[in-house]
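Overview (structure and organization)
Residue-level listing of the chains:
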Amino acid sequence: MTGRIFIGMGSNCEPESRLAAAEALLAELLREPLFSPCYRSPSRSEGADYLNMVATGLTELDPGELKKRLREIEQSLGRRRDQKGFCALDLDILWHPGGGGAEPLIHGDLGEMAYAAVPVADLAGVLDPGGSGLDGIWAVLPPPEVIASMRSQLTPVPRPEI
(Lines give C-alpha, C1' and ligand atoms only; values in the text may rest on other atoms or scores of the structure.)
Protein backbone atom coordinates (compact mmCIF):
# COMPACT_ATOMS: atom_id res chain seq x y z
CA MET A 1 0.00 0.00 0.00
CA THR A 2 1.25 3.46 -0.83
CA GLY A 3 0.97 6.07 1.88
CA ARG A 4 2.18 9.55 2.72
CA ILE A 5 4.84 9.60 5.41
CA PHE A 6 6.52 12.38 7.37
CA ILE A 7 10.20 12.13 8.34
CA GLY A 8 11.87 14.40 10.88
CA MET A 9 15.35 15.62 9.91
CA GLY A 10 17.76 17.17 12.39
CA SER A 11 21.45 17.94 12.77
CA ASN A 12 23.69 20.00 15.02
CA CYS A 13 27.05 19.08 13.47
CA GLU A 14 27.66 20.80 10.11
CA PRO A 15 23.87 20.85 9.77
CA GLU A 16 23.59 22.82 6.53
CA SER A 17 25.61 20.34 4.46
CA ARG A 18 24.18 17.26 6.15
CA LEU A 19 20.55 18.35 5.80
CA ALA A 20 21.11 19.27 2.15
CA ALA A 21 22.66 15.86 1.48
CA ALA A 22 19.84 14.10 3.35
CA GLU A 23 17.27 16.07 1.36
CA ALA A 24 18.84 14.86 -1.89
CA LEU A 25 18.84 11.23 -0.72
CA LEU A 26 15.28 11.38 0.59
CA ALA A 27 14.15 12.91 -2.72
CA GLU A 28 15.40 9.70 -4.36
CA LEU A 29 13.74 7.43 -1.77
CA LEU A 30 10.28 9.05 -1.79
CA ARG A 31 7.77 9.70 -4.53
CA GLU A 32 6.42 13.25 -4.75
CA PRO A 33 8.78 14.54 -2.03
CA LEU A 34 8.23 17.89 -0.33
CA PHE A 35 10.36 19.54 2.33
CA SER A 36 9.35 21.94 5.07
CA PRO A 37 10.98 25.21 5.93
CA CYS A 38 14.07 24.88 8.13
CA TYR A 39 14.10 25.90 11.78
CA ARG A 40 16.78 26.37 14.43
CA SER A 41 15.91 24.89 17.82
CA PRO A 42 17.85 24.59 21.07
CA SER A 43 19.48 21.25 21.84
CA ARG A 44 17.58 19.15 24.38
CA SER A 45 20.88 18.16 25.95
CA GLU A 46 24.44 19.36 25.66
CA GLY A 47 25.69 20.52 22.28
CA ALA A 48 24.95 23.12 19.68
CA ASP A 49 21.51 24.18 18.48
CA TYR A 50 19.84 21.95 15.92
CA LEU A 51 18.57 22.71 12.45
CA ASN A 52 15.34 20.80 11.85
CA MET A 53 13.16 20.13 8.83
CA VAL A 54 10.55 17.59 7.83
CA ALA A 55 10.31 15.61 4.61
CA THR A 56 7.10 14.13 3.30
CA GLY A 57 6.41 11.89 0.36
CA LEU A 58 4.77 8.70 -0.78
CA THR A 59 6.25 5.27 -0.13
CA GLU A 60 5.33 1.63 -0.30
CA LEU A 61 7.94 0.73 2.33
CA ASP A 62 6.59 -0.61 5.61
CA PRO A 63 7.82 1.15 8.77
CA GLY A 64 10.54 -1.44 9.47
CA GLU A 65 12.06 -1.27 6.00
CA LEU A 66 11.78 2.52 5.94
CA LYS A 67 13.56 2.79 9.30
CA LYS A 68 16.35 0.55 7.96
CA ARG A 69 16.77 2.79 4.90
CA LEU A 70 16.81 5.93 7.08
CA ARG A 71 19.54 4.42 9.30
CA GLU A 72 21.60 3.70 6.17
CA ILE A 73 21.27 7.35 5.10
CA GLU A 74 22.24 8.55 8.59
CA GLN A 75 25.30 6.32 8.63
CA SER A 76 26.35 7.36 5.13
CA LEU A 77 26.31 11.01 6.28
CA GLY A 78 28.39 10.46 9.41
CA ARG A 79 25.92 9.51 12.16
CA ARG A 80 27.58 7.88 15.17
CA ARG A 81 25.15 6.88 17.89
CA ASP A 82 27.87 6.88 20.57
CA GLN A 83 28.48 10.65 20.38
CA LYS A 84 26.86 12.65 23.16
CA GLY A 85 25.58 16.15 22.40
CA PHE A 86 26.50 16.15 18.72
CA CYS A 87 24.38 14.59 16.04
CA ALA A 88 25.57 14.48 12.45
CA LEU A 89 22.08 13.53 11.27
CA ASP A 90 18.91 12.23 12.87
CA LEU A 91 16.11 10.90 10.67
CA ASP A 92 12.94 9.76 12.44
CA ILE A 93 9.64 8.48 11.11
CA LEU A 94 7.18 10.97 12.58
CA TRP A 95 4.12 9.53 10.81
CA HIS A 96 3.53 6.39 8.78
CA PRO A 97 -0.09 5.52 7.93
CA GLY A 98 0.46 1.79 8.44
CA GLY A 99 -1.51 -0.12 5.87
CA GLY A 100 -2.70 -3.66 5.44
CA GLY A 101 -4.66 -3.42 8.67
CA ALA A 102 -1.71 -2.06 10.66
CA GLU A 103 -2.17 0.95 12.91
CA PRO A 104 -0.43 4.20 11.98
CA LEU A 105 3.05 4.70 13.42
CA ILE A 106 3.13 8.00 15.31
CA HIS A 107 6.35 9.34 16.85
CA GLY A 108 5.83 10.78 20.35
CA ASP A 109 7.57 14.05 19.44
CA LEU A 110 4.96 14.81 16.78
CA GLY A 111 2.33 15.98 19.25
CA GLU A 112 4.67 17.52 21.80
CA MET A 113 7.84 19.00 20.34
CA ALA A 114 7.93 22.20 18.29
CA TYR A 115 10.77 20.98 16.04
CA ALA A 116 8.52 18.14 14.84
CA ALA A 117 4.98 19.54 15.04
CA VAL A 118 5.57 22.93 13.41
CA PRO A 119 7.24 21.71 10.18
CA VAL A 120 4.67 18.89 9.83
CA ALA A 121 1.88 21.47 10.22
CA ASP A 122 3.60 23.63 7.58
CA LEU A 123 3.59 20.76 5.09
CA ALA A 124 0.11 19.54 6.02
CA GLY A 125 -1.21 23.04 5.43
CA VAL A 126 0.25 23.04 1.91
CA LEU A 127 -0.93 19.52 1.06
CA ASP A 128 -4.36 19.71 2.67
CA PRO A 129 -5.38 23.31 3.39
CA GLY A 130 -8.88 22.19 4.38
CA GLY A 131 -7.48 20.02 7.15
CA SER A 132 -9.57 16.93 6.48
CA GLY A 133 -7.29 14.49 4.66
CA LEU A 134 -3.75 13.15 4.87
CA ASP A 135 -4.60 9.81 6.47
CA GLY A 136 -5.41 11.41 9.83
CA ILE A 137 -2.25 13.47 10.39
CA TRP A 138 -4.34 16.45 11.53
CA ALA A 139 -5.79 14.37 14.38
CA VAL A 140 -2.36 13.81 15.96
CA LEU A 141 -1.06 17.36 15.58
CA PRO A 142 -1.68 19.84 18.38
CA PRO A 143 -4.48 22.36 17.80
CA PRO A 144 -3.65 25.47 15.71
CA GLU A 145 -3.31 27.73 18.75
CA VAL A 146 -0.72 25.35 20.26
CA ILE A 147 1.17 25.18 16.94
CA ALA A 148 1.20 29.00 16.91
CA SER A 149 2.68 29.03 20.41
CA MET A 150 5.24 26.36 19.47
CA ARG A 151 6.44 28.54 16.58
CA SER A 152 7.84 30.99 19.13
CA GLN A 153 10.28 28.27 20.28
CA LEU A 154 11.85 28.04 16.82
CA THR A 155 13.84 30.41 14.65
CA PRO A 156 13.20 30.15 10.89
CA VAL A 157 16.43 29.89 8.88
CA PRO A 158 17.06 29.53 5.15
CA ARG A 159 16.77 25.98 3.94
CA PRO A 160 20.13 24.38 3.10
CA GLU A 161 20.92 24.35 -0.60
CA ILE A 162 21.31 20.98 -2.27
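Residues numbered from 1 in each chain as written. Predicted model: local features only at pLDDT ≥ 70, side-chain atom pairs only at ≥ 80, totals over all residues. Heavy atoms only, no water.

1. Here we look at the overall build of the protein
Where we set the bar: Going along the chain from the N terminus, every DSSP run of H or I of four or more residues is numbered as a helix, and every run of E of two or more is numbered as a strand. Throughout, exposure labels follow a simple rule: accessible area from a 1.4 Å probe, protein chains only, divided by the maximum for the residue type, with under 20% read as buried, over 50% as exposed, and the rest as partly exposed. Method for areas: the Shrake-Rupley scheme with a 1.4 Å probe, in which residue coverage is limited to the protein chains shown.
When you go through the protein residue by residue, the secondary structure sums to five helices and seven strands. Expressed as a percentage of the 162 residues in the protein, the buried residues total 46%. Accessible surface, the protein: about 8,000 Å² in total, of which carbon and sulfur atoms supply 52%.

2. Comments concerning the pairing of strand E1 (residues 3-11)
Under the convention used in this document: Paired strands, as defined in this entry, are two strands with at least two bridges between them according to DSSP.
Among the nine residues that make up E1, nine are buried, leaving the element largely enclosed by the rest of the structure. In this structure, E1 lies alongside strand E4 (residues 50-59), joined through nine bridges in antiparallel fashion. For Gly3, the partnering residue across the bridge sits in E4 and is Thr59. Across five bridges, E1 lies against strand E5 (residues 90-96) in antiparallel orientation. Looking across to E5, one finds that Met9 is bridged to Leu91.

3. Comments concerning the nonpolar core
The nonpolar side chains of a soluble globular protein tend to be buried, and buried together. Put simply, the rule is: Here, nonpolar core means buried Ala, Val, Leu, Ile, Met, Phe, Trp, Tyr and Cys residues that are tied together by side-chain atoms lying within 4.5 Å of each other. Whether two residues touch is decided by their heavy atoms; if any such pair falls within 4.5 Å, the residues are in contact.
Formed by 21 residues in total, the largest nonpolar core has its most connected members in Ile7, Met9, Leu26, Leu70 and Leu91. Of all the elements in the fold, those that place two or more residues in this core are E1, helix H1 (15-29), E4, helix H2 (63-76) and E5. Element by element, the count of residues in this core is highest for H1, at four residues. Residue contacts for Leu91: discarding those within four places in its chain leaves Ile7, Gly8, Met9, Leu26, Leu70, Arg71, Ile73 and Glu74.

4. Describing helix H3 (residues 114-127)
Which entries qualify depends on this criterion: Here, expected helix span is obtained from the residue count minus one, scaled by 1.5 Å.
With 14 residues, H3 should reach 20 Å at 1.5 Å per residue; the first-to-last C-alpha distance of 20 Å fits that figure. Within H3, 10 of the 14 residues are buried, which leaves the element mostly enclosed by the surrounding structure. Taken together, the buried positions of H3 are occupied by Ala114, Ala116, Ala117, Val118, Pro119, Val120, Ala121, Asp122, Leu123 and Ala124.

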